[in-house]
Amino acid sequence: MRNSEASREMDATVRYSILGTVRAIRGNTEIDLGPPKRLALLALLLLRAPGPLTLSEAVDILWDDEPPTSAVNVVHRHIGALRRTLEPDLRSRTNGEHLVRAAGGYRLLVDTSTSDLLRFRDLRAQAQLAVKGGAPAQAAQDFVEALRLWRGPVVAAGTSVARHPVFTSVGHEFVATVKEAADAVLTAAPALTEEVLAVLRHAVDSHPFDEALHSRLIGALAVTGRQAEALRQFENIRGALAEELGVEPGPELRAAQQHLLQRRVPRDPVAAASRAREADGPAQLPADCVSFAGRQQALDQCLELLPLEGESRPPTMTAAICGMAGVGKTTLAVHWGHMVADHFPDGQIYVDLQGHHTSRSPLDPAEAITEVLGALGVKSDRSHSSAAALAAAYRSALGGRRLLLVLDDAVDCEQVRPLLPATPGCLAVVTSRRQMEGLAVTDNARIITLEPMTREEGLELLDRRLGTGRIRAEYAAAMEIVELCGGLPLALAVAATRTLLQPHFPLASLAARLKDTDDCLDALSGRDARTNTRSSFHSSYDALGSSAARLFRLLSLHPSRDITVQAAASLAGTDLRRTRQDVAELMDRCLLVELAAGRYTCHELLRTYARELSSLLDSQTVRSEAVARMFEHYLYSADAATALLAPHRSTVILPPPRPGVRPQWFAGRTDAAEWIVAEQYLLPELVRSISSHHPRGEAFRRQLTSALETCLDSTRF
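All values reported here derive from a predicted model rather than from experimental measurement.

Visitor: Sorry, what's going on with the overall build of the protein chain here?
Guide: Of the regular secondary structure elements, the protein chain holds 33 helices and 14 strands. Out of the 717 residues in the protein chain, the part that is buried amounts to 50%. Within the protein chain, contacts between residues at least 6 apart in sequence are counted, and of these 69% link residues at least 24 apart. Entry remark: accessible area of the protein chain is about 34500 Å², with carbon and sulfur atoms responsible for 51%.

Visitor: Please clarify how the confidence of the model for the protein chain should be interpreted in this entry.
Guide: Do not read the fine detail of predicted coordinates wherever pLDDT is low. Looking at the protein chain, pLDDT values average 84 and 86% of them are 70 or higher. Averaged pLDDT values for the elements of the protein chain fall to 41 in helix H12 (residues 269-279) and rise to 97 in helix H26 (residues 546-555). Contacts from residues 1-10, a stretch scored under 50 in pLDDT, to residues over four places away or in other chains number 0 contacts. Contacts of residues 265-279 to residues separated by more than four positions or lying in other chains number 14 contacts, the stretch itself having pLDDT below 50.

Visitor: Is there a simple way to think about helix H2 (residues 36-48) in this case?
Guide: Since one α-helical turn is 3.6 residues long, residues separated by three or four positions face the same way. The end-to-end C-alpha separation of H2 is 18 Å, in line with the 18 Å expected for 13 residues at 1.5 Å each. Within H2, burial applies to Arg38, Leu39, Ala40, Leu41, Leu42, Ala43, Leu44, Leu45, Leu46 and Leu47.

Visitor: Even after reading the chapter, I still don't get a nonpolar patch on the surface, so can you show me in this structure?
Guide: A contiguous nonpolar surface patch, about 240 Å² in accessible area, is contributed by Phe209, Leu245 and Val247. If you trace the backbone, Val247 turns up in the loop between helix H10 (227-245) and helix H11 (251-262).

Visitor: How should I be thinking about the sheet that holds strand S13 (residues 593-596) in this particular structure?
Guide: Hydrogen bonds along the backbone pair up the strands of a sheet, which may run parallel or antiparallel. Taken in spatial order, the 3 strands of this open sheet run S12-S14-S13, and their pairing is antiparallel. Both outer strands of the open sheet, strand S12 (562-563) and S13, are each paired with one neighbouring strand and no more. Relative to strand S14 (residues 599-601), S13 runs antiparallel, the two sharing 2 bridges. When the bridges of S14 are listed, Val593 appears paired with Thr601.

Visitor: Can you walk me through the sheet that holds strand S3 (residues 29-30) in this structure?
Guide: Reading across the sheet, the 3 strands line up as S1-S2-S3 and stay open at both edges, with antiparallel pairing between neighbours. Across the chains shown, the open sheet's two edge strands, defined by having one partner strand only, are strand S1 (14-17) and S3. Looking at chain direction, S1 and strand S2 (residues 23-26) are connected through 4 bridges and run antiparallel. By the bridge assignment, Ser17 is partnered in S2 with Arg23.

Visitor: What exactly am I supposed to notice about the pairing of strand S8 (residues 348-352) here?
Guide: Successive side chains on a regular strand alternate, one facing one side of the sheet and the next facing the other. Here S8 lies mainly inside the structure; 4 of its 5 residues are buried. In this structure, S8 lies alongside strand S9 (residues 404-410), joined through 5 bridges in parallel fashion. Counted as the bridge partner of Asp352 is Asp408 from S9.

Visitor: I'm lost on the pattern of salt bridges in this one. Help?
Guide: If charged atoms from side chains of opposite charge come close, those side chains can pair. Inspection of the entire model under this criterion finds 29 salt bridges. For Glu57, the salt bridge goes to Arg48, with nearest N and O atoms at 2.5 Å. The partner of Arg121 in a salt bridge is Glu173, and the shortest N-O contact between them spans 2.7 Å. Here Arg121, found in helix H5 (residues 116-132), pairs with Glu173, found in helix H7 (residues 165-188); they are 52 residues apart in sequence, far enough to count as distant. Since its relative accessible area comes to 27%, Arg121 is described here as partly exposed. In the salt-bridge network here, residues are joined through shared partners; they are Arg119, Asp122 and Glu145.

Visitor: Help me understand helix H23 (residues 507-515) in this model?
Guide: Among the residues of H23, Leu507, Leu510, Ala511 and Leu514 are the ones counted as buried. One face of H23 carries all of its buried residues, which in axial projection span an arc of 100°. Structurally, H23 contributes buried residues whose contacts are with helix H19 (455-466), helix H20 (468-473), helix H21 (475-484), helix H22 (489-501) and helix H24 (520-523).

Visitor: Just to check I follow, could you spell out the side chain of His558 for this structure?
Guide: Structurally, the position occupied by His558 is in the loop between H26 and S12. Residue His558 is classed as buried on the basis of its relative accessible area, which comes to 2%. Among the polar contacts made by the side chain of His558, one reaches the main-chain carbonyl oxygen of Ser560 at a distance of 3.0 Å. In contact with His558, other than residues within four places in its own chain, are Ile563, Leu571, Arg607, Met630, Tyr634 and Leu682.

Visitor: What am I meant to see in the nonpolar core here?
Guide: Most often, soluble globular proteins keep nonpolar side chains buried together rather than apart. Trp336, Leu462, Ile481, Phe537, Phe552 and Leu586 are the most contacted members of the largest nonpolar core, which has 96 residues in total. With 8 residues, the single largest contributor to this core is helix H30 (residues 620-645). Setting aside residues up to four positions removed in sequence, Phe552 forms contacts with Tyr541, Leu544, Leu586, Leu591, Cys602, Leu606, Tyr609, Ala610 and Leu613.

Visitor: Looking at this model, I keep getting lost on the packing of H7 against helix H8 (residues 193-206). Mind explaining?
Guide: When two helices pack together, their arrangement is given by the angle between their axes and by how far apart the axes lie. Look at H7 against H8: their axes get within 10 Å of each other, and the N-to-C directions meet at 150°. What the angle tells us is that H7 and H8 run roughly antiparallel. Along this stretch, H7 crosses H8, giving a crossing that reads as left-handed. Between H7 and H8, the contacting residues are Phe174, Val178, Ala181, Ala182, Val185 and Leu186 on the first element and Thr193, Val196, Val199, Leu200, His202 and Ala203 on the second. A breakdown of the residues in the contact of H7 with H8 according to their chemical character gives 10 nonpolar, 2 polar and no charged.

Visitor: Teacher, can you tell me more about the packing of aromatic side chains here?
Guide: Working definition: an aromatic ring pair is given by the centre-to-centre distance plus the angle between the planes. Per the stated rule, a full pass over the model turns up 8 aromatic pairs. Between Tyr634 and Trp675, the aromatic rings sit 6.3 Å apart at their centres with planes inclined by 20°, giving stacked as the arrangement. Here Tyr634, found in helix H30, pairs with Trp675, found in helix H31 (residues 669-678); they are 41 residues apart in sequence, far enough to count as distant. This pair shows no difference in class: Tyr634 is buried, exactly as Trp675 is. Here the aromatic residues Phe537, Tyr541, Phe552 and Tyr609 are joined through ring pairs into a cluster of three or more. A cation over an aromatic ring shows up here: Lys37 above the ring of Trp63, its NZ or CZ 4.7 Å from the ring centre.

Definitions and limits used
- Per chain, the residues get numbers from 1 upward, laid out in the order the sequence is written.
- Owing to the predicted nature of the model, reporting of local features is limited to residues with pLDDT of at least 70; listing and counting of side-chain atom pairs is limited to 80 or more, with chain, interface and lining totals taken over all residues.
- Derived side-chain values reflect all non-hydrogen atoms in the structure, with water molecules and hydrogen atoms excluded from consideration.
- Numbering of helices and strands runs from the N terminus; a helix is a DSSP stretch of H or I covering at least four residues, while a strand is a stretch of E covering at least two.
- Burial classes follow relative accessibility: with a 1.4 Å probe on protein chains only, a residue under 20% of its type's maximum area counts as buried, one over 50% as exposed, and anything between as partly exposed.
- Any two residues whose heavy atoms approach within 4.5 Å are treated as being in contact.
- Calculation of accessible area relied on Shrake-Rupley with a 1.4 Å probe; when residues are assessed, cover is drawn exclusively from the protein chains displayed.
- Per-residue confidence from the predictor is reported as pLDDT, which spans 0 to 100.
- In this analysis, the expected span of each helix is defined as 1.5 Å times one less than the number of residues it contains.
- The patch calculation keeps residues exceeding 30% relative accessible area without a salt bridge and links them within 9 Å when they carry like charges or within 5 Å when they are nonpolar (Val, Leu, Ile, Met, Phe, Trp, Tyr).
- Just to be clear on terms, a salt bridge is a Lys or Arg side-chain nitrogen sitting within 4 Å of an Asp or Glu carboxyl oxygen.
- DSSP-based pairing: two strands are paired if at least 2 bridges between them are found.
- In this description, the arc belongs to the directions extending from the helix axis to the C-beta atoms.
- The definition of a polar contact used here is a pair of N or O atoms within 3.5 Å, where within protein one atom must be able to donate a hydrogen and the other to accept one, and adjacent residues in sequence count solely through side-chain atom pairs.
- In these notes, a set of buried Ala, Val, Leu, Ile, Met, Phe, Trp, Tyr and Cys residues joined through side-chain atoms within 4.5 Å is what counts as a nonpolar core.
- Every axis in this analysis is a line fitted to C-alpha atoms, fitted for helices over the stretch in contact. Angles between the N-to-C directions lie between 0 and 180 degrees.
- An angle counts as roughly parallel when it lies under 35 degrees, as roughly antiparallel when it exceeds 145, as roughly perpendicular when it falls between 65 and 115, and as oblique in every other case.
- Handedness of a crossing is defined here by the sense of rotation of the near helix relative to the far one, left-handed for an anticlockwise turn of less than a right angle and right-handed for a clockwise turn.
- Residues are grouped as follows: Ala, Val, Leu, Ile, Met, Phe, Trp, Tyr, Cys and Pro are nonpolar; Asp, Glu, Lys and Arg are charged; every other residue, Gly included, is polar.
- Pairs were defined over the aromatic rings of Phe, Tyr and Trp, the Trp ring being its six-membered one, requiring ring centres within 6.5 Å. Orientation was assigned from the angle between planes: stacked under 30 degrees, edge-to-face over 60, tilted for the rest.
- Here, a charge over a ring is recorded when the distance from Lys NZ or Arg CZ to the ring centre is within 6 Å and its angle to the ring normal is within 35 degrees.

Right under this line is the structure:
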């Protein structure tokens, strides 16, 4: 008797499915649930289970537009029909075992054994607990088991409510679980990779712009040996983002590409391990920076230097990372070197070329070669006494090896040329404050110009050094510090250290010091020459010729960060040819950059340093005359623009400019209009200050004001 009752009870068990088409199955028989509206109502009950579905929520969701006055009665009738369908023997006005009344509505009595959605959520929760408990392999099993329950999007079959947020939110749970499963599987359960890869493909098809999904798909493809497909996947999503949304891939997708590129050189693990045991090559890279942040674009450029699978020759054997003092060139080179060290099983060699050392002379190429030979166990004897013999021994030592050479702080191209590898297998990464364009011409070097950090990268660096809690607590001040440091990693690192040494001082107090141009370099400088921002700048300045050094100092008197060659010539009182040479020298030393064609910009901290130098080295007379020439440059340039843009305007004949002033020359109206637009923010500032900085200031102010008003009127469309 008991067996018979148990059998009937088992047969009466109803199992519900919502992860796909909504279904109810009693025993082995699928139940006919009725019309679409009733299906949608059952789906809502399943979504809200084990909690209740209120009548008001049911009405709001089941009718897209204004519900009819009979909506509540319609819901009640559908509920009654569902109760009879689920429990055919249920008598009227008796309590059911499947669908019962609840406060303000109804509740479907289900648990993890009868609802696939509740089972899915339970497995996911178990997996998340396993991750927190340090059991990633078990987590991977639970995540994948949860995903096996998923047969498609949650759809109230044939109804108009399938796109309602209450349904699509379950789809978001699926996507989140796919990401969690991929992370766990790729970390601790490689046997499940193919299964999770199939789910990733399905999820990406449904969510084509979800970068986190794409990044995990790329990772799964890479670890299963489908590197070519992984590369295509990245290019496809990058193209789709650009075409459809007008954006570039974000940090997570870029990181996936970075890890993919790390795998570009195929390696036989057994052979590599055997070779490593036999070779025991040098590992001289300095310690990696634990607070390394950002630099995704530069890292991508570096990773592209590794050969693609099947390539017999890399695209280049030399990369030159160039940029201003303190921009993080060495940190980037060392970080990248650690990332790809396993691609160079014969060793990684680091040589400090001392190009801008505060107390030592640049290393002679022969000394550098001797260092490398020593690291490889090759003695430099008398047979290597000549430069040619030493170079030959060097080439022989590098031949057939796979070595990474980090040649740090090169003074110029000639210092590093003898050290560059001549055969495939070795890669040289050069860092320098020079542009090193000669290496691109003669040695096919890849030039990677390192810019200051973006705001987001700077905040990430501060976060890694100070901790997320402090950054969040003082976010505005942290943002201000990044801006005042101009995104310069050295300055940001020093600022963060000063903050750590004074933990009770708010970040706002440091920001206040950095705002004071008379104090900011002191706030970013200390007794250690390697971390002293001012000393770092000085070693670049000290390498300049006298004319370029003078121009660098006088540029600090210019009220705008960007300047043309003609304005710089007027400021310095030199001819255009000399000025172009000086500007070229400053650009080569990374003390100026050409961000827009013909307009040159100096980093704000460098301008502050130049201002200090000028006040110390240039007499008051020199500075006053430079400012007067600058004012006259813009006055006579604006007057020339006026003559082209408003030729019928009554003009005042200006006296000849003082010696050394080089007014802008315009080829025509378009050229003049473009100049006015480019200087539209600077010229009003000059109008306000000319009276106090020029002997004929008031007369010139009126003339410049008139010219400016006329020119701006003429350029408005």
